[in-house]
Amino acid sequence: MRDLSGLFEPDRVAVVGATERPGSVGRALFENLADFDGDVVPVNPSRDSVFGHACYASIGDVPRPATVDLAVVAVPAATVVDAVGQLGEAGVENVVVVTAGFREAGERGGRLERDLRETALTHDINLVGPNCVGIISTPAGLNATFLRGTPPAGSISLLSQSGAFIAAAIGWAARNDVGLKDVVSLGNEAVLDETDFIAEWAADPETDVVLAYLEDVDDGRRFIETARSVSAETPIVALKAGRTDAGGAAAASHTGAMAGSDEAYQAAFAQSGVVRAMDVESAFDFARALTGLPVPDHDDVAIVTNGGGPGVLATDAVGDSRLSLADFDASTREALADVLPTPIAAANPLDVRGDADVDRFREALDVVAAADEVGGVIVLCVPTGPLAFDDLGAVIGGVRSRVDKPVVTALMGGAEVAAAESVLGSHGVPNYFDPARAVESLAVLADYRDGAVREHAATTAFDVDTERAERIVIRALDRGVDHLGVEAMELLDAYGIPTPAGGLAESEEGAARIAASIEGPVVLKLASPDVVHKSDVGGVEVGVPTEDVRETYRAIVERARDHDPDATVLGVRVEATVTPAAGVETIVGAKRDPQFGHLVMFGLGGIFVQVFEDAAFRVAPVSERDAREMTREIQAAPMLRGARGREPADVDAVVETIRRVSQLVSDLPAITELDINPLVVSPEGVCALDFRARLDAAARPGDDCPNSDPPEYYSDSSSGSNMSSIAQSK
């Protein structure tokens, strides 16, 4: 891991391109460094001095033995590479390039950026940018940006892939007195990216929370591994911009249509303990809460208010969140009865009434905050004559200092709130005007708690027939097709995923032979890579008696020819009848994401899968715990647990199937999309009734996949499948 501390703790900073020209970036940079604790050296061959500082023609002319620890480059793009090369030769290890005109400017700029990266790597330079607004470190008084304003000092370190967001964030932080420690504008990320800084701040004792504005992540697996390690000790709040429509017109599978880039990021954040914010205000709300408050032991909270309306608003917000209202036990109710006047009820929310003074608030809060059944406290207050907000702020701060529980407030006044906020802030208690924001911040503390205590489970590998699976994929690619259908159900067999008894028939006689080996009526399914939706062309027949198999085979093939005379027909799959009514129709699928590798999906399946879009996602490899969480996250989860008196389904078999699919697509990156739909789940086990996949010839088995490195698995002590199947055994 790179040591990036020199970027934020320099003794001497050089501004390459410093000038006094009004309106220039070089001037803005130099002026912003006026409060820097160390030395500032201007470098510009066209000037003798800059604002009274001796100016040097090149970095090599700067007097020694003092060294330049950080250089900020603001020269034309065509000269940046030479300038950075000179900095490297002079031993400068940390460089920020604010100049634009690189990859974002087209092909010529892209070549410049490649040269810049190569130059920086050759000299082992920690390079930020290009095309960024710079960096800030408030403890050192370092503002190496060309923006206006400097944020107050604090313990939130901020990185952003948008310079405009940095500009807005600095102003917002100053206006709302939110302290920042380090600030980095990443720009084009020619060398250093978001993961580098997340790792750096993990080791920084002065950074309590990392706040990240992200538009994209290049190396998704590296991000997950780093964030998972860092978030166990240092909370990470991510504001992900660029959420996209999950539906894709070119998708060949239900999973491909539903698994958009946002689902991949959501899954990656969940698996790595990153707290996600959906808007700017929430991002700072969450960061403030995580900076100053302890995490709750449990999710039951108490509301203390002097107004009924705010109490109702907060109660509604609790109902919409993962939190719940604490049920005061007998001792808590008795203690409240001793300190509150009649007829105030000792209930939650606790309305201490509009005539409450600071003493009544103090006594009520002391009781409620000390109660074991209360994990966190939300204090709501509107301005009244008997109460001074600054006094209340001191009371709440005192309560917070006496109990190891989170306390948040919604003091819903105007100018009188300012004094109270200052006192509350000194105790790490955030204040919000909207009670719902206070509730959301408490809920985020609980989210972080669950992610931080969550140990990463090693993903185990099942004993499967990878060679057989590779042969199936290679045969398909050799035929020049990029789709697999029911003709490749044996791919699931190779990975221990139960399928109905049967096989692929290439003739009427073959179909009859397979049907004769199966007890009872059979199902016939068209096997054609050119016909994705078989039912739409009459390519599926169920409940076919053995004596009618030949005729049905012939009819299915004729319908396919009528639909598309040029369609490749590989035959018809004949299999045992499995009645979906006996279980729940689910879907297990996967889609290869360009940033994170394969994204695995589980959800409600059947013909309405894209109507309800009830699904959960994880990035492969999927651990047993992640797979089990997926089965709980979907809205249809009660159906698996046995809703309305039904016998519970075999969820363990579903969990194992999700993990086996995760291993399959990780072993075979040539599979870009995959659906098992429906996967019928019953109390007796699971059975895959239909299958489709899309292939990438560039990731042919045996070749290096250009888009996905297989993740690491560990041998499973229990080889083979432990799943029972409701299909006839093969």
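Here's what I pulled together on the structure shown here.

About the cut-offs
Residues numbered from 1 in each chain as written. Predicted model: local features only at pLDDT ≥ 70, side-chain atom pairs only at ≥ 80, totals over all residues. Heavy atoms only, no water. Pairing = 2+ DSSP bridges. Helix = DSSP H or I, 4+ residues; strand = E, 2+ residues; numbered from the N terminus. Axes fitted to C-alpha atoms, helices over the stretch in contact; angles between N-to-C directions. Salt bridge = Lys/Arg side-chain N within 4 Å of Asp/Glu carboxyl O. Buried < 20%, exposed > 50% of the residue type's maximum accessible area, 1.4 Å probe, protein only. Lys, Arg positive; Asp, Glu negative; His and termini not counted. Contact = heavy atoms within 4.5 Å. Expected span 1.5 Å × (residues − 1). Polar contact = N/O pair within 3.5 Å; in protein donor to acceptor, adjacent residues only side chain to side chain.

## Comments concerning the sheet that holds strand β1 (residues 12-16)
Then, in step 1: On the basis of which strands lie adjacent, the open sheet formed by five strands has the order β2-β1-β5-β6-β7 and parallel pairing. Every interior strand has two partners, whereas the edge strands, β2 (39-43) and β7 (126-128), have only one. Each strand of the sheet is rotated relative to its neighbour by a mean of 20 degrees, with strand direction disregarded.
Then, in step 2: Bridge count for strand β6 (residues 94-97) against β7 is three bridges, and the pairing is parallel. Across the sheet, Val95 pairs through a bridge with Leu127, a residue of β7.

## Notes on the pattern of salt bridges
Then, in step 1: Taken as a whole and judged by the stated rule, the model has 37 salt bridges.
Then, in step 2: Residue Arg103 is joined to Glu113 by a salt bridge in which the shortest nitrogen-to-oxygen separation is 3.0 Å. Remark: Glu113 occurs in helix α4 (residues 107-122) and Arg103 occurs in the loop between β6 and α4; sequence separation between them is ten residues.
Then, in step 3: In this structure Glu113 comes out as buried when scored by relative accessible area, which is 8%.
Then, in step 4: With a shortest N-O distance of 3.1 Å, Arg449 and Asp450 are connected by a salt bridge.
Then, in step 5: A relative accessible area of 34% means that Asp450 is categorised as partly exposed.
Then, in step 6: Within the structure, one salt-bridge network assembled from shared partners comprises Asp299, Arg322, Asp447, Arg449 and Asp450.

## Thoughts on the side chain of Arg400
Then, in step 1: Within the fold, Arg400 resides in helix α14 (residues 389-402).
Then, in step 2: An unpaired buried charge is present at Arg400: no salt bridge exists, and Asp404, the closest side chain of opposite charge, is 4.9 Å distant.
Then, in step 3: In contact with Arg400, not counting residues within four places along its chain, are Gly292, Leu293, Pro294, Lys405, Val407, His427 and Val429.

## A closer look at helix α10 (residues 280-292)
Then, in step 1: Look at α10: 19 Å from first C-alpha to last across 13 residues, which is about the 18 Å you get at 1.5 Å a residue.
Then, in step 2: With a side-chain oxygen lying 3.3 Å from the backbone nitrogen of Glu281, the N-terminal cap of α10 falls on Asp279.

## Details of the environment of Ala120
Then, in step 1: Tracing the sequence through the fold places Ala120 in helix α4.
Then, in step 2: The exposure class of Ala120 is buried, given its relative accessible area of 0%.
Then, in step 3: In the structure, Ala120 is positioned 276 residues away from Ile396 in sequence and 52 Å away in space, judged by C-alpha atoms.
Then, in step 4: If sequence neighbours within four positions are ignored, Ala120 has contacts with Ile125, Leu127 and Val191.

## Section: the pairing of strand β25 (residues 571-576)
Then, in step 1: Where burial is concerned, most of β25 is hidden: six out of the six residues are buried.
Then, in step 2: Where strand β22 (residues 502-505) and β25 come together, four bridges link them in antiparallel fashion. Residue Ala505 lies in a different strand from β25, and its bridge partner there is Val572.
Then, in step 3: One ladder, built from six bridges, connects strand β23 (residues 522-527) with β25; its direction is antiparallel. In the strand pairing of β25, Leu524 is matched with Val574.

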